[in-house]
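Results of the structural survey
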Amino acid sequence: MQVIKTTIPDVLILEPQVYGDERGFFFESFNQQKFEQLTGVKTQFVQDNHSKSAANVLRGLHYQISQPQGKLVRVVAGEVFDVAVDLRKHSQTFGQWVGAILSSDNKRQMWVPEGFAHGFLVLKDNTEFLYKTTDYYAPQHERCIRWDDADIGIEWPTASLAAHAIPVLSAKDQLGLRLVDADVFV
Ligand SMILES: Cc1cn([C@H]2C[C@H](O)[C@@H](COP(=O)(O)OP(=O)(O)O[C@H]3O[C@H](C)C(=O)[C@H](O)[C@H]3O)O2)c(=O)[nH]c1=O
């Protein structure tokens, strides 16, 4: 496993060591000890999630204002453009975003710490997204920020949306707030 830094120091890309042979491949998708050694993050994951989406779906940008969740995310089928947005008010990178292509091919993972909003745009049909979270789902604390907030300015690879003027959003995500109106972490 190797760590790739991003423009936001606390957001990391993890790239596993993949062992291929004539049968296929094997890799450790998570190892607590290696995760802590590589990232310096000592945390415990309490929930695994799994979602499947068609191309052009955009899920997010979500976070829990209380019981914030750190997320270790990866793609086991298909491809997404995965995004984390810094919502920590006193952070030097407050309001900034990082994005990365996560796919079943590159097997890359993104570590999204507590204090960030998270979302992804699905680039291929039948994309399956798995992630570990450091706290439990708490819908009463869930918040949503608009995917297209101009103040954040995420550069989504919308060329893949050619057939759609906008991504396919849940009703909840259609009501996302602008950052300026949203709860943030103080
Ligand atoms: C997140 C979650 C959802 N649910 C139920 C609630 C709904 O009945 C259904 C779909 O939930 P939702 O539309 O919020 O799912 P996503 O839009 O994929 O939300 C996730 O997508 C973005 C990218 C994230 O980073 C979050 O982890 C998470 O908010 O699953 C649960 O039962 N447990 C859960 O942990």
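In this text the structure is predicted, and so the values were computed from the model without any measurement.

The immediate surroundings of the ligand are formed by Q47, N49, R59, H62, K71, H118, G119, F120, Y131, Y137, E142 and K172. One of the side-chain N or O atoms of K71 is found 2.9 Å from an oxygen atom in the ligand. In this structure, an oxygen atom belonging to the ligand sits 3.0 Å away from a side-chain N or O atom of E142. Starting from 650 Å² of accessible surface for the ligand in isolation, the protein chains cover 66%. Put simply, the parts of the chain that give the shell around the ligand at least two residues each are β5 (47-53), β6 (58-64) and β11 (116-122).

Next up on the list: unusual backbone geometry. G60 connects to L61 through a cis peptide bond whose omega is 0 degrees. With respect to the element layout, L61 can be found in strand β6. Positive phi outside glycine occurs at N126, with the angle close to 55 degrees. Along the chain, N126 turns up in the loop between β11 and β12 (127-133).

What follows concerns helix α1 (residues 32-39). The opening residue of α1, the one whose side-chain oxygen lies 3.0 Å from the backbone nitrogen of Q33, is N31. Backbone geometry just downstream of α1 places G40 in the positive-phi region, at approximately 75 degrees.

Here, the residues flagged by UniProt with the feature "active site" (unreviewed entry) are H62 and Y131. Considering the C-alpha atoms alone, the annotated residues occupy 70 residues of sequence yet fold into one spot, their largest mutual distance being 13.6 Å. With respect to the element layout, H62 can be found in strand β6. When near neighbours in sequence (up to four residues on either side) are disregarded, H62 contacts K71, F116, A117, H118, E142, R143, C144, K172 and D173. Side-chain polar atoms of H62 contact the backbone nitrogen of G60, separated by 3.5 Å. Positionally, Y131 belongs in strand β12.

Taking strand neighbours across the sheet as the criterion, the 5 strands line up as β9-β8-β11-β6-β13 in an open arrangement whose pairing is antiparallel. With one partner strand each, in any of the chains shown, β9 (97-103) and β13 (142-144) form the two edges of the open sheet. Across the sheet, the mean angle separating the axes of adjacent strands is 25 degrees when strand polarity is ignored. Across 3 bridges, the pairing between β6 and β13 is antiparallel.

Cut-off values and rules
Within each chain, residue numbers correspond to sequence positions counted from 1 in written order. Where totals are concerned, whole chains, interfaces and linings use all residues; where local detail is concerned, this predicted model gives features only for residues with pLDDT of at least 70, and gives and counts side-chain atom pairs only at 80 or more. Working from all heavy atoms in the structure, the side-chain values ignore hydrogens and water. Consider each residue's heavy atoms; a residue with any of them within 4 Å of a molecule or strand counts as near. In the analysis that follows, any N or O atom pair within 3.5 Å is treated as a polar contact, provided that within protein one partner can donate a hydrogen and the other can accept it, and provided that, for residues neighboring in sequence, both atoms belong to side chains. Computed with a 1.4 Å probe, the accessible areas rest on the Shrake-Rupley method; for each residue, only the protein chains presented here act as cover. Put simply, DSSP H or I for four residues or longer makes a helix, DSSP E for two residues or longer makes a strand, and each gets a number counted from the N terminus. UniProt positions are given in the numbering used here, feature names are shortened, and annotations may be inferred rather than shown by experiment. Residues count as neighbours in contact if any of their non-hydrogen atoms are within 4.5 Å of one another. When DSSP locates at least two bridges between a pair of strands, those strands are taken to pair. In this description, a line fitted to the C-alpha atoms serves as the axis of each element, helices being fitted only across the stretch in contact, and the angle between N-to-C directions of two axes falls anywhere from 0 to 180 degrees.

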